[in-house]
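Chain and residue survey
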There are 2 protein chains.
Amino acid sequence: MSDTLLKPVAAWRSFDGWVKRFEHRSEVLDCDMVFGVYLPPQAEQGPVPALWWLSGLTCTDENFLQKAGAQKLAAELGMALVCPDTSPRGTDLPGEHDDWDFGSGAGFYVNATREPWSRHYRMYDYVTRELPTLAESALPLDGRRSISGHSMGGHGALICALREPERWHSVSAFSPICHPSRCQWGIKAFSHYLGDDRNDWAEWDATQLVTHVDKQLPILIDQGGDDEFLGDQLKPGSLEQACICTHHPLEINLREGYDHSYYFVASFIDDHLRHHGRALGLG
Amino acid sequence: MSDTLLKPVAAWRSFDGWVKRFEHRSEVLDCDMVFGVYLPPQAEQGPVPALWWLSGLTCTDENFLQKAGAQKLAAELGMALVCPDTSPRGTDLPGEHDDWDFGSGAGFYVNATREPWSRHYRMYDYVTRELPTLAESALPLDGRRSISGHSMGGHGALICALREPERWHSVSAFSPICHPSRCQWGIKAFSHYLGDDRNDWAEWDATQLVTHVDKQLPILIDQGGDDEFLGDQLKPGSLEQACICTHHPLEINLREGYDHSYYFVASFIDDHLRHHGRALGLG
């Protein structure tokens, strides 16, 4: 595959490496997409491993690279950062742009099975198949991948690692939606994307997936203690209980006083980069 | 002065300290203003010194605290960060909101002398007098101040330190507008704010101010080598020449490949924090 499939949108020098944005045609999503990447200085010598970051509701490929302050340590470790967008773009399905917690900006990293969403909203295949293949062919990435994310993207990171642990070296999450089948955001999204049979939701719900995984990747979670969404939407206690029952390794750091913002993510992102760096053989 | 003059707008925990935004009535600007501050964890024990950051065209009090990644080292050093807005707000003067490089978001940190701007656009007095007095009365700031900024805010930092060096412990700038009397942005702004007599502009132009200062504060500048505004608007060479002629201490770091963005600022902000930390007796 040639890098001509990637159309450069922008490039900024950052900590002796590059933040770049690329546009490309997604066959899986049947639309044009943009993603962001940080290539550390080591990528000029040869391919490097990557942390894949999945962002939350209303975000794009840009929030993490602008606000998390991750590039400094990524440059030291020699770790790329790959940031997909949070939903298909440029489409105009009925009601797609009406709500901030559903449709555009809110793909929930599932493969939709219900019309009209199934035509485009196949974000799981996009972030685990199509985009890795494309990015690793066109950019100096060596195919070693870890995954993390925030909120809806934390849910995304968890389900990626629990569904196909062989594809990732490590997993972590900030403020993840841990049990989407049992919270308002998840129920709304899953009803539309997957239909009303809740049995079909289990394969996209971290708390349910964790009970039957082939390979246990230790989960690292940071969660703000003053996060306004903690009790109603995120429910880390449900995941914790499921992990205890199935002896799945889990570390949850409850950070007193912190909320759901990127100020929180930035405060602890270095801990997560080091976690992934160790698994990827860096630093 | 009581902190009841400051109305809390928002607060986020950040690196064991707090990012906070406050609204207040500005008598100098005759309007309501919002500013941002980072209080490091040391501020819970007692007052700390502060780096004042002046932002560039189109920015607000938020850009720096969201994008520069400065809080981590500020927390280590015990340095507060104070971020004023870039112009009066909530006013509606003729043409004030028409251009991105003039009027709202573009106060240029001068005291306007021409109607209608002189009614509100007195940003120099605001950032050097009114806001320091207010912030240091209401917040745990000990009155030691250094100053920095980006682009138009770099110009602001330079003129603050050159006009009244006794008010600041140290000065630095990223990509500053070094000679506003001789670039399009500056000529447009100064013509409106100060009138057409260019003799009146000299006291707001770093390259002219540097030739007659009472006390020489060493100037640290970082400038991107691929900054699209470098030659036409920023003109660091003019300031450099003036500093050579008058033996004013100046260090300009030209950073090859870097542009005008906050990705650039973030890449080198720690160098500037350490520069100011030394002058403030920290770290």
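Right, let's walk through the structure included here. For clarity, every value in this text was computed on a predicted model and none was experimentally measured.

Quick notes on helix α3 (residues 123-138) of chain B
The largest bend in α3(B) amounts to roughly 40 degrees and is located at Leu131(B), with the proline Pro132(B) lying one to four residues further along. Burial of α3(B) is extensive: 13 of the 16 residues sit out of reach of the surface.

As for the relation of the copies chain A and chain B
Of the transformation superimposing chain A on chain B, the axial component is 0.0 Å and the angular component is 180 degrees, with the fit at an RMSD of 0.0 Å. Here the transformation between the copies is reduced to the relation of a two-fold axis. Mapped onto chain B, 100% of the interface residues of chain A again fall at the interface, so both copies present the same surface.

Observations regarding the pattern of salt bridges
All names here are of chain A. Across all of its chains, the model carries 35 salt bridges over all chains by this definition. With a closest N to O distance of 2.8 Å, Arg 89 and Asp 85 form a salt bridge. Linking Glu 164 and Arg 129 is a salt bridge whose minimum nitrogen-to-oxygen distance equals 2.7 Å. Of this pair, Glu 164 sits in the loop between α4 (152-163) and β7 (171-174) while Arg 129 is found in helix α3 (residues 123-138), placing the two residues 35 residues apart along the sequence. Connected through salt bridges with shared partners, the residues Arg 21, Asp 61 and Glu 62 form a single ionic network.

Remarks on unusual backbone geometry
Most peptide bonds adopt trans geometry, and most residues besides glycine take a negative phi value. Going from Glu115(A) to Pro116(A), the amide bond is cis rather than trans, its omega being 0 degrees. Locating Pro116(A) in the fold gives a position in the loop between β5 (80-83) and α3. In this structure, Tyr109(B) takes a positive phi of about 60 degrees despite not being glycine. The exposure class assigned to Tyr109(B) is buried, which follows from its relative accessible area of 0%.

A closer look at the environment of Met79(B)
All names here are of chain B. With respect to the helices and strands, Met 79 occurs in the loop between α2 (71-77) and β5 (80-83). Residue classification places Met 79 among the buried residues on the basis of a relative accessible area of 0%. Along the chain, Met 79 and Leu 141 lie 62 residues apart, while their C-alpha atoms are 9.3 Å from each other. Those residues in contact with Met 79 that sit more than four places away from it in its chain are Tyr 38, Pro 40, Pro 49, Leu 51, Ala 74, Leu 273, His 276, Gly 277, Leu 280 and Leu 282.

Description of helix α9 (residues 262-279) of chain A
All names here are of chain A. An ideal rise of 1.5 Å per residue puts 26 Å on 18 residues; α9 measures up with 24 Å between its terminal C-alpha atoms. In α9, a bend of some 50 degrees at Phe 268 exceeds every other bend along the element. For α9, the tally of buried residues reaches 14 of 18 residues, placing the bulk of the element in the interior. Near the N-terminus of α9, the side chain that reaches the backbone nitrogen of Tyr 263, with its oxygen 3.1 Å away, is that of Ser 261. Positive phi shows up at Gly 281, right after α9, with a value of about 80 degrees.

Quick notes on the environment of Gly107(A)
Residue and element names in this part refer to chain A. Structurally, the position occupied by Gly 107 is in the loop between β5 and α3. Here Gly 107 falls in the buried class, since its relative accessible area comes to 1%. The spatial distance from the C-alpha of Gly 107 to the C-alpha of Gly 156 is 9.6 Å, given a sequence separation of 49 residues. Ignoring any residue separated from it by four or fewer positions in sequence, one finds Gly 107 in contact with Thr 86, Ser 87, Tyr 121, Met 123, Met 152 and Tyr 193.

Quick word on the interface of chain A and chain B
Many authors give the size of an interface as the accessible area that is lost as the parts come together. Listed by partner, the interface residues are 22 residues for chain A and 22 residues for chain B. Overall, the association of chain A and chain B removes approximately 1900 Å² of surface from exposure, summing both partners, and the carbon and sulfur fraction of that is 52%. Area buried by chain A at its contact with chain B is led by Arg13(A), Gln66(A) and Tyr263(A), which between them contribute 36% of it. Along the contact surface separating chain A from chain B lie 2 salt bridges. At the boundary of chain A with chain B, the tally comes to 8 residue pairs in polar contact (both at pLDDT 80 or more).

Quick notes on the state of the cysteines
This model, assessed by the stated rule, comprises 0 disulfides over all chains. Left unpaired, Cys243(A) is separated from the closest cysteine sulfur, that of Cys178(A), by 8.7 Å. We classify Cys243(A) as buried; its relative accessible area is 2%. Sulfur of Cys31(B): no disulfide; nearest cysteine sulfur belongs to Cys160(B) and is 18 Å away.

Quick notes on the rules
Residues numbered from 1 in each chain as written. Chains lettered and ligands numbered in written order. Predicted model: local features only at pLDDT ≥ 70, side-chain atom pairs only at ≥ 80, totals over all residues. Heavy atoms only, no water. Bend = angle between axes of the 7 residues up to and from the residue. Helix = DSSP H or I, 4+ residues; strand = E, 2+ residues; numbered from the N terminus. Buried < 20%, exposed > 50% of the residue type's maximum accessible area, 1.4 Å probe, protein only. Least-squares fit on C-alpha atoms with pLDDT ≥ 70 in both. Contact = heavy atoms within 4.5 Å. Salt bridge = Lys/Arg side-chain N within 4 Å of Asp/Glu carboxyl O. Expected span 1.5 Å × (residues − 1). Polar contact = N/O pair within 3.5 Å; in protein donor to acceptor, adjacent residues only side chain to side chain. Buried area = accessible area lost by both parts, 1.4 Å probe. Disulfide = S-S within 2.5 Å.

This is a description of form; function is not addressed.
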